[in-house]
Amino acid sequence: MTKNRIQLSDHFNFKRLLLFTYPSMLMVIFTSIYSIVDGVMVSNYVGVTPFAALNLIWPFVAVLGSIGFLLGTGGCALVAKTMGEGEKDKAKEMFSLLTYTVLTLSVILGGLGLFFSRDAAIFLGAEGEMVEHCVVYADILLICLPTYVMQVYFQPFLIAAERPKLAMWVTIAAGVSNMVFDVVFIGFLEMGIAGAAWASVTGMLIGWLVPLYYFYKRKWLRRCSWDWSVLKKASSNGLSELVLNVSLSLVSMLYMYQLIRQSGEDGVAAYGVISYFAFTFAALFIGYGIGVSPVVSYHYGAANKREMRNLLKKSLTIVVTGGIVIALLAQVLARPLSVVFVGYDKDLLELTVLAFRIYSLHFIVTGVNIFASEFFTALNNGPVSALISMARTLVFESGCVLLLPFLFGIEYIWWAVLVAETLAMILSFSLIYKYRNRYGYWMVED
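The structure reproduced in this document is the subject of the present report.

**Focus: the overall build of the protein**
Counting its secondary structure elements, the protein contains 18 helices and zero strands. With respect to the three principal axes, the spread of C-alpha positions in the protein is 60 × 45 × 35 Å. Buried positions account for 60% of the 446 residues belonging to the protein. For the protein, the proportion of contacts with a sequence separation of at least 24, taken over those separated by at least 6, is 83%. Computing the positive centroid from 31 side-chain charges and the negative centroid from 28, the protein places the two 16 Å apart.

If you want it as structure tokens, here you go:
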């Protein structure tokens with residue numbers, strides 16, 4: 001271990017905290033960027049219908065792939081806490097059990113998904129040619145679902161292994177591979193939407209196999225005995241990640257359903273553009289949460305309450321400040337970013353720019369909610385973390401997506417996320433205050 005490497009056991013000031021978490025932020029940002037390239041290539045070289053189909057069916061695939069987030073984030077919190085308690089061998093046995101379980105479940109879920117991809121596309125509102133595009137794209141990703149699941153599963157564990165930069169470089173390599181093959185498969189070989197799917201698979205394969213090799217060589221993977229309590233606790237910890245990813249997918253489906261009924265393919269395409277860049281901006285918060293969680297878990301396991309309070313205070317300062325900056329940046333970039341996707345259609349461009357500027361206001365508050373959920377996951381309190389995630393999406397945002405267009409018209413659907421995130425922020429602060437004495441992060445002294 002090199003002398004200057006930042007370790008989970010360190011004390012973190014702002015500089016040290018950002019140095020440790022910035023690789024995770026870049027990792028998630030880069031993941032979103034290569035997803036954007038998929039969309040740009042499909043929209044400009046294949047057409048608006050395949051582009052709408054890609055965005056329509058992706059949430060169905062993402063729901064099935066959520067097992068990687070469930071046991072990745074939840075298992076990482078448990079493993080990092082166990083390391084903080086000084087039981088590193090036990091932590092590695094837990095990691096091995098979780099890894100074998102996730103791989104097995106991803107194969108089963110991918111196989112099951114193949115039987116329902118067409119029905120899912122039709123249920124979401126696809127008709128005619130769009131159904132076929134949805135099925136082609138989904139079936140390729142479902143056949144290769146383990147590549148997606150294992151990629152997202154390994155990411156938090158690389159950070160727990162104190163290798164955040166390796167996690168970042170693996171993601172960059174996967175993204176470059178995806179982008180290169182997007183150009184080859186879609187641009188040169190003219191494989192259409194199938195090319196976008198296969199390009200994604202190549203990137204995911206790198207994101208799976210490189211971490212697998214790393215953990216195998218470092219002897220993190222070993223023989224292990226079945227322990228239901230480990231899976232139960234990891235699942236409880238990661239419940240919020242499962243709820244969040246399933247909920248986001250369901251909310252996306254709800255957006256698509258509302259928009260395709262009342263605005264047609266243009267509405268779905270506009271939402272597709274917005275969702276790409278919304279995830280890119282939100283990636284800073286998501287990446288920060290992924291990066292800081294193992295640190296919180298370690299100090300929770302070590303009963304270092306002073307450092308837990310320090311991490312909470314500094315993290316809230318970072319996400320609030322970052323949220324204001326990102327919201328302002330999104331207002332400025334709304335038009336140039338939208339032009340990249342839909343500059344060929346003036347009416348669709350104007351719809352997208354207006355929706356983009358309204359939708360992006362939620363970044364002012366959403367960072368608090370993302371961090372609060374990750375914070376409770378790191379404290380091994382999955383139910384509270386899941387409550388925040390579920391309230392943000394299934395309760396508040398779903399309710400607003402249904403209610404606001406009904407009361408004021410379909411154009412008010414773009415305000416739904418701001419209203420929902422504001423309500424969720426109130427809940428997040430309430431829960432942080434409620435559990436202050438249980439975890440001891442609300443000390444008067446620094």
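**Topic: the side chain of S177**
Inspection of the secondary structure assignment puts S177 in helix α8 (residues 164–188). Once residues within four sequence positions are removed from consideration, S177 is found in contact with T202, G203 and I206.

**Some details on the pattern of salt bridges**
Any two side chains of opposite charge can pair, on the condition that their charged atoms come close. Evaluated as defined, the whole model comprises five salt bridges. Between R392 and E421 there is a salt bridge, with its nearest N and O atoms 2.8 Å apart. Taken together, the residues span a long stretch of sequence, with R392 in helix α16 (residues 382–408) and E421 in helix α17 (residues 416–434) at a distance of 29 residues. By relative accessible area, R392 is classed as buried at 6%. The class for E421 is buried, based on a relative accessible area of 3%.

**Topic: a nonpolar patch on the surface**
On the surface, a cluster of nonpolar side chains totalling about 890 Å² of accessible area is made up of L403, F406, L407, F408, Y412, W415, V419, L423 and I426. In terms of residue count, the dominant contributor to the nonpolar patch is α16 (four residues). Relative to the assigned elements, I426 resides in helix α17.

**Digging into the nonpolar core**
Of all hydrophobic cores here, the largest spans 146 residues; its most connected members are F95, F215, Y255, F376, W414 and Y441. Counting residues per element, this core draws most heavily on helix α12 (residues 264–301), which supplies 18 residues. With residues up to four places along the chain from it excluded, the contact list for F215 reads F95, F154, F157, L158, A161, W220 and L221.

**Some thoughts on unusual backbone geometry**
You will see that K219, though not glycine, has its phi angle at about 65°, which is positive. Turning to its location among the elements, K219 is positioned in the loop between α9 (193–217) and α10 (228–237). Judged by its relative accessible area of 59%, K219 is exposed. Positive phi, normally seen in glycine, also occurs at A303, with a value near 60°. The exposure class of A303 is exposed, given its relative accessible area of 57%.

Calculation criteria
- Residues numbered from 1 in each chain as written.
- Predicted model: local features only at pLDDT ≥ 70, side-chain atom pairs only at ≥ 80, totals over all residues.
- Heavy atoms only, no water.
- Helix = DSSP H or I, 4+ residues; strand = E, 2+ residues; numbered from the N terminus.
- Buried < 20%, exposed > 50% of the residue type's maximum accessible area, 1.4 Å probe, protein only.
- Contact = heavy atoms within 4.5 Å.
- Lys, Arg positive; Asp, Glu negative; His and termini not counted.
- Charge placed at Lys NZ, Arg CZ, Asp CG, Glu CD.
- Salt bridge = Lys/Arg side-chain N within 4 Å of Asp/Glu carboxyl O.
- Patch = residues over 30% accessible without salt bridge, like charges linked within 9 Å, V, L, I, M, F, W, Y side chains within 5 Å.
- Areas by Shrake-Rupley, 256 points an atom, 1.4 Å probe, with all protein chains shown as cover.
- Core = buried A, V, L, I, M, F, W, Y, C linked by side-chain atoms within 4.5 Å.

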